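Overview (structure and organization)
Listed here are the chains, written in short residue letters.
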Amino acid sequence: MMTPRCLVRGSLNNDEYLHGQTIFSTKYERRAGGKGANQAVAIAKAGGHVDLLGAVGEDGIWLIQYLQAIGVNTDNVSVVETHTGRAMIQVADDGENSIILYPGANFYSLPLPRALDARYTHLLLQNEVLFSSTQTYLRLSKSSNPPIVSIFNPSPMPSKEQIAHIPWISLDWLIVNQGEATTLCEIFTEESILEDTPIPEIITKLCNSPGFYRSTNIICTLGAKGVFARTPHGTIALPAASLQGPVIDTTGAGDCFTGFFVAGLMEHSVSKASTTLSLPELEAILRTSVEASAICVQRRGTIESIPTRNELPQ
Ligand code: ADP
């Protein structure tokens, strides 16, 4: 039996936080970020073996060292001749965020492989790197022998044209939040979705729309309302885990959820001969993921707020 190992082909960012209202910021902070990095850290903290494949500029060498210290393998993070990707995050006094993404090295054209390394059992993708790279890696996951389990979190949302060019048939798990599920459904069905449409209805419409591959499993996170999952075997709705204290910062909750979810899939693949998950097995993985993300929202920060596996209720 192979040791499960996940490849995250994703982004690394210097996250720059400017706190305050309009003109003068009252505080400046620089933190590690990028969805690729955040989700890779969550897999490592959940106990999974994970390699991040991406690029930074010289101003991002500290990120490589930081991720390596947390347990993410960064041998495949290149240092290229441009600036590291950057997210400028404006945090208003009421806690609302607005984010400007500068892709920098995340949009650097790294050479594309002909096949994925046979050590990988899982592939996790987001949408903060070149779209052509995401497409290629997704395709390659299914031409591997045995096939690699693929997970895609389409965030930020790809354009309508890009969505039409995603090899959906190669995708095993789609992870979206409520907004992303609604937008995807609108793009696939070419209908607008009314605001109070229940999420199971949106997901069913998405699944049944031409162009979407019906066997793809869908996980839809619902913020404080928990998570809804749809697989060909049935659906699961789980509430969010109960909180010990107030919500402090929800940034990164989705990335924490995704990393713990992928680590759960990886763990399942060692313990079971079959890669198919039963609904109770899926529910157990979702439960761990909502527990981890509930801890995350009660702490400040993104990567910093992701708990380790042993901080979760046993
Ligand atoms: P994203 O950050 O991608 O928009 P969500 O807001 O859906 O993702 O959050 C991801 C997960 O984090 C949710 O499924 C839930 O388990 C957890 N979560 C988010 N907000 C809260 C909250 N206020 N209370 C408890 N859990 C939360």
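Let me begin by describing the structure that accompanies this report. (Residues numbered from 1 in each chain as written. Predicted model: local features only at pLDDT ≥ 70, side-chain atom pairs only at ≥ 80, totals over all residues. Heavy atoms only, no water.)

Notes on the sheet that holds strand β12 (residues 227-231)
Where strands meet in a sheet, backbone hydrogen bonds hold them as pairs that are either parallel or antiparallel. If you walk across this open sheet you meet the nine strands as β5-β4-β1-β8-β9-β10-β11-β12-β13, and the pairing is mixed. Because the sheet does not close on itself, it has two edges, and the strands there are β5 (77-79) and β13 (234-238). Taking each pair of neighbouring strands and ignoring which way they run, the sheet shows an average axis angle of 15°. Note: strand β4 (residues 49-56) against β5, three bridges, orientation parallel. Note on β5: the bridge partner recorded for glycine 54 is valine 77. Along the sheet face, helix α6 (residues 199-208) touches β10 (173-177), β11 (217-221) and β12 and points at about 30° away from the line of β12. Sitting on the sheet, helix α8 (residues 279-297) is in contact with β10, β11, β12 and β13, with an inclination near 25° to β13. (Pairing = 2+ DSSP bridges. Helix = DSSP H or I, 4+ residues; strand = E, 2+ residues; numbered from the N terminus. Axes fitted to C-alpha atoms, helices over the stretch in contact; angles between N-to-C directions. Contact = heavy atoms within 4.5 Å.)

Structural notes on the site of the ligand
In the vicinity of the ligand lie 14 residues, with Asn177, Thr221, Gly223, Gly226 and Gly254 positioned nearest. The backbone of glycine 226 places a nitrogen or oxygen atom 2.9 Å from an oxygen atom of the ligand. Notes on the ligand: free accessible area 560 Å², of which the protein chains cover 81%. For the shell around the ligand, the elements supplying multiple residues, two or more each, are α7 (253-271) and α8. A per-element tally of the shell around the ligand places α8 first, with three residues. (Near = heavy atom within 4 Å. Polar contact = N/O pair within 3.5 Å; in protein donor to acceptor, adjacent residues only side chain to side chain. Areas by Shrake-Rupley, 256 points an atom, 1.4 Å probe, with all protein chains shown as cover.)

A look at the nonpolar core
By size, the foremost hydrophobic cluster in this structure holds 50 residues, and its most contacted members are Leu52, Trp173, Ile219, Phe261, Leu282 and Leu286. Grouped together as the second largest cluster of nonpolar side chains are 34 residues, Leu53, Leu140, Cys185 and Ile202 included. (Core = buried A, V, L, I, M, F, W, Y, C linked by side-chain atoms within 4.5 Å. Buried < 20%, exposed > 50% of the residue type's maximum accessible area, 1.4 Å probe, protein only.)

What to know about the pairing of β4
Most of β4 is tucked away, with seven of its eight residues classed as buried. Note: strand β1 (residues 5-9) against β4, five bridges, orientation parallel. Bridging across to β4, cysteine 6 finds its partner in valine 50.

These figures come from the coordinates and say nothing about function on their own.
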